[in-house]
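These are the residues of each chain, in order.
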2 protein chains.
Amino acid sequence: MSIAPIARRDGRPTLAVVGATGAVGTVMLEILSTRADVWGDIRLIASPRSAGKRLTVRGEELEVVALSPEAFDGVDVAMFDVPDEVSAEWAPVAAAKGAVAVDNSGAFRMDPDVPLVVPEVNAAAAAQRPKGIISNPNCTTLSMIVALGALHEAYTLQELVVASYQAASGAGQPGIDALREQMAKVSGDASLGTVAGDVRRAVGDPGPFPAPLAYNVVPWAGSLKDGGWSSEELKVRNESRKILGLPDLKVSATCVRVPVITTHSLAVHAVFATEVEQERAQHVLAQAPGVVLVDDPANHEFPTPADVVGTDPTWVGRVRRSLDDPRALELFLCGDNLRKGAALNTAQIAEVVAAELNPPR
Amino acid sequence: MSIAPIARRDGRPTLAVVGATGAVGTVMLEILSTRADVWGDIRLIASPRSAGKRLTVRGEELEVVALSPEAFDGVDVAMFDVPDEVSAEWAPVAAAKGAVAVDNSGAFRMDPDVPLVVPEVNAAAAAQRPKGIISNPNCTTLSMIVALGALHEAYTLQELVVASYQAASGAGQPGIDALREQMAKVSGDASLGTVAGDVRRAVGDPGPFPAPLAYNVVPWAGSLKDGGWSSEELKVRNESRKILGLPDLKVSATCVRVPVITTHSLAVHAVFATEVEQERAQHVLAQAPGVVLVDDPANHEFPTPADVVGTDPTWVGRVRRSLDDPRALELFLCGDNLRKGAALNTAQIAEVVAAELNPPR
């Protein structure tokens, strides 16, 4: 176990990573190891079950400590990558201990006293946090909102129609494991996928999904809400409105799971207050921080999850002006749901707070 | 080789199936063997390469004959399940021989002198065929249009925003083969799908697709048209307008290929002239011929391609009234792209013509 040079810690804020051993936590440790290092001590926190595990971050091996009020002693910023109910209980504990809690769960996102922050879009909102808690948006919203924020600034957004192509890892490590198992079960049989129910029989228990995902797409993510909406679809609507500061934005989403390990994709129909133009929209996207434009279909250049996974930006392609509405654009977007969709954006929010706590001299 | 009972042929029209050995042709022979039999002789026609093959239809083994003008002698209805250029050349030949050509290619769909027919929606249009040719719509349009036609009748359609989840078999047998090969290549490696490009390297040549389809989705189908649109996206717009008789219908589509063998799915945002109501829309769909409503998300009941493949109807679920527009519905639809999306609708059109040529006494 190496010891980090003391100079690095001098005067810099202490960070806690709660949920360090989970799917998003694992990506978080990679991200902390590669980004410009603004942190002093880093403390890894997880359930008592995982306490004592040793994980590497910034080249240092650290021991995971059990979640407890004392674990937040001396912590300046605490990132939470844990289920809603764990965040609901423990983020206020961290805040009461004087830490700024940056929460990646759904527990506080719609709380009017908790800002919902995407640094490229609304970094300033992070400073208004009466509860000491800042929320990180849902992965589906995050996979599109940086690009839409840039277009909103250029054209003023009025309406979104969204169809998602969501990866298995949106359901965590159990989602990844289930898809891999299903793929192994179906890939050897060259007759499957041709008769109703044959894939369902071959797959058996579909794991965390309500239907098999291999050789299939499943129009469901989350829990059932009024009017037949899924919780995931309402998150896309409510969180987009809050992040963009557009409480009356019209949003209709249909969220669909697809057999991809990681990286969410979205087909978006975006209607603006003013007329749009394909080339200028492409230019706006190409110039936007955190966005990469890949839009040359003549050469088969467009984003796909397999090409985007493991990368940080929001990738956009297939930019078209609607043929029947000069104020509307069609887009296809991809974003790694574990990185920008979760760990990366949480790290970026935490860095905004770190800069505020310890401004560069 | 059995001989069909002569009684069956008495007075009934003669049918030719051109492209009998292809992916759609194969499904066509199954369909002809199971539907109410309105045909006298059936003649199987294919390229000279396939001539002499013996295929079974209606329990009879028939020999495939080579495509030639003489092959249409005595034919009343000729169904074409062949590439555009073959239809463009040979459907007029069949028509000149006195047959009614029912063409499943894209060659004539937008010809103002060729009706584009979906029997549940516009059966009467089949009678107006100055060229002796009737077109069958594209599989993507067909996977949604029966349900949308029923809703249009109830509410008057004004706008569609469509995102597709299209199966590999939309690219024919080479598409099916490519997806199966790709699945076999990626399913054994539990690290794949986590780093940009790893799936691309494992898959190698993606076959008829512009990028790998296993562990991926690909926002492209067809050829490049003006404004960055794909031909498939324009077909959805132009064919929907023609079938519904709504030349000004606003349509925006984004077409995406997914790793499903057969059955296209679509997320549709449909805006109407009048206010809609979830329960009434569900009732309209449940009553519509050719449509099955499966819409009970509390019990995980919604259509998925794995449950729909091999069946005839258009399956609809996830029916929701838009939260921000009382005139808009959100829907998720599935249809077998080789059956209703191709062979079945062609057979249904041919049956409409057969009833006209040989009305029931």
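Residues numbered from 1 in each chain as written. Chains lettered and ligands numbered in written order. Predicted model: local features only at pLDDT ≥ 70, side-chain atom pairs only at ≥ 80, totals over all residues. Heavy atoms only, no water.

Heads up, the condition is: UniProt positions are given in the numbering used here, feature names are shortened, and annotations may be inferred rather than shown by experiment.
By the naming in an unreviewed UniProt entry, chain A goes by Aspartate-semialdehyde dehydrogenase and is assigned to Motilibacter peucedani. Per UniProt, chain A has the following entry under Function (unreviewed entry): "Catalyzes the NADPH-dependent formation of L-aspartate-semialdehyde (L-ASA) by the reductive dephosphorylation of L-aspartyl-4-phosphate." Of the comments in the UniProt record for chain A, the one headed Sequence similarities (unreviewed entry) reads "Belongs to the aspartate-semialdehyde dehydrogenase family."

Comments concerning the pairing of strand β14 (residues 328-335) of chain B
Residues and elements named next belong to chain B. Formally: Only protein chains enter the accessibility calculation, which uses a 1.4 Å probe. A residue is then buried if its area is under 20% of the maximum for its type, exposed if over 50%, and partly exposed in between. Labels follow the DSSP assignment, with helices taken as runs of H or I lasting at least four residues and strands as runs of E lasting at least two, numbered in each case from the N terminus. A pair of strands is considered paired only if DSSP assigns at least 2 bridges between the two.
Of all eight residues that make up β14, eight are buried, and the element is covered over most of its length. Bridge count for strand β11 (residues 264-272) against β14 is eight bridges, and the pairing is antiparallel. When the sheet's bridge partners are listed, Val-271 is paired in β14 with Ala-328. Between strand β13 (residues 314-321) and β14, which pair antiparallel and follow one another directly, the connecting turn spans six residues.

Focus: the relation of the copies chain A and chain B
As a reminder of what qualifies: Copy-to-copy alignment: least squares on C-alpha atoms, limited to residues at pLDDT 70 or above in both. Only heavy atoms enter the contact rule, under which two residues are in contact if any of them lie within 4.5 Å.
Taken as rigid bodies, chain A and chain B are interconverted by a rotation of 180° and an axial shift of 0.0 Å, the fit giving an RMSD of 0.0 Å. Taken together, the rotation angle and the small translation identify this as a two-fold axis. An overlap of 100% is found between the interface residues of chain A and their copies at the interface of chain B, pointing to a shared contact surface.

Regarding the nonpolar core
Quick note on the threshold: Joining through side-chain atoms within 4.5 Å is the link that ties buried Ala, Val, Leu, Ile, Met, Phe, Trp, Tyr and Cys residues into a set, and such a set is a nonpolar core.
Ranked by size, the top nonpolar core spans 38 residues in total, and within it Val-186 and Tyr-215 of chain A together with Val-186 and Tyr-215 of chain B carry the most contacts. The contact partners of Tyr-215 of chain B, leaving out residues within four places of it in the chain, are Leu-179, Arg-180, Met-183, Pro-259, Val-260, Ile-261 and Ala-306 of chain A together with Val-186, Leu-192 and Val-199 of chain B.

So, the packing of helix α5 (residues 139-155) of chain B against helix α8 (residues 231-244) of chain B
Residue and element names in this part refer to chain B. To keep it simple, the criterion reads: Fitting a line to C-alpha atoms yields each axis, with helices limited to the stretch in contact; the angle taken between N-to-C directions then spans 0 to 180 degrees. Take the far helix as the reference: if the near one is turned anticlockwise from it by less than a right angle, the crossing is left-handed, and if turned clockwise, right-handed. Amino acid classes used here: Ala, Val, Leu, Ile, Met, Phe, Trp, Tyr, Cys and Pro are nonpolar; Asp, Glu, Lys and Arg are charged; the rest, including Gly, are polar.
Following both chains from N to C, one finds α5 and α8 inclined at 35°, their axes separated by 10 Å at the closest point. As for the relative orientation of α5 and α8, their crossing is right-handed in sense. When α5 is examined against α8, the residues Cys-139, Thr-140, Thr-141, Met-144, Ile-145, Gly-149 and His-152 are found in contact with a partner set consisting of Glu-232, Lys-235, Val-236, Glu-239, Ser-240, Ile-243 and Leu-244. Tallied by class, residues from the contact of α5 with α8 come to six nonpolar, five polar and three charged.

Description of the environment of Ala-78 of chain A
Residue and element names in this part refer to chain A. Structurally, the position occupied by Ala-78 is in strand β6 (residues 77-80). Using a relative accessible area of 0% as the deciding quantity, one classes Ala-78 as buried. Along the chain, Ala-78 and Ala-354 lie 276 residues apart, while their C-alpha atoms are 11 Å from each other. If near-sequence neighbours (up to four positions away) are discounted, Ala-78 is found in contact with Ala-16, Phe-72, Ala-94, Ala-99, Val-100, Ala-101 and Val-102.

Let's talk about helix α11 (residues 339-357) of chain B
Filter applied, for reference: At any given residue, the bend is defined as the angle formed between two axes, one fitted to the seven residues that end at that position and one fitted to the seven that begin there.
Of all the bends in α11 of chain B, the greatest measures close to 35° and is centred on Asn-345 of chain B. In terms of burial, α11 of chain B is a largely internal element, 15 of the 19 residues being buried.

So, the domain arrangement of chain A
Residues and elements named next belong to chain A. Put simply, the rule reads: Domain start and end points were adopted from an automatic or database domain assignment. The salt bridge definition used is simple: a Lys or Arg side-chain nitrogen within 4 Å of an Asp or Glu carboxyl oxygen. In protein, a polar contact means a hydrogen-donor-capable atom and an acceptor-capable atom, both N or O and within 3.5 Å, with residues adjacent in sequence counting only if both atoms are side-chain atoms; elsewhere, any N or O pair within 3.5 Å suffices.
Splitting chain A by domain gives domain 1 (15-136 + 343-357) and domain 2 (141-167 + 219-335). If you look at the interface, domain 1 gives 14 residues, while domain 2 gives 13 residues. If you look at where domain 1 meets domain 2, you find one salt bridge. Taking the shortest distance from any N to any O, the salt bridge between Glu-239 and Arg-109 comes out at 3.3 Å. For the pair domain 1 and domain 2, the interface holds four residue pairs in polar contact (both at pLDDT 80 or more). Elements with a contribution of two residues or more to the side of domain 1 that touches domain 2: α4 (119-122) and α11 (339-357). For the side of domain 1 that touches domain 2, the element with the most residues is α4, which contributes three residues.

Things to note about the environment of Thr-194 of chain B
Checked against the element boundaries, Thr-194 of chain B lands in the loop between α6 (172-186) and α7 (198-203). Accessibility expressed as a relative area gives 38% for Thr-194 of chain B, which makes it partly exposed. In this structure Thr-194 of chain B touches Arg-180, Ile-261, Val-309 and Gly-310 of chain A, once residues within four positions along its chain are discounted. Polar contacts involving the side chain of Thr-194 of chain B include one to the main-chain carbonyl oxygen of Ser-191 of chain B, which spans 2.6 Å.

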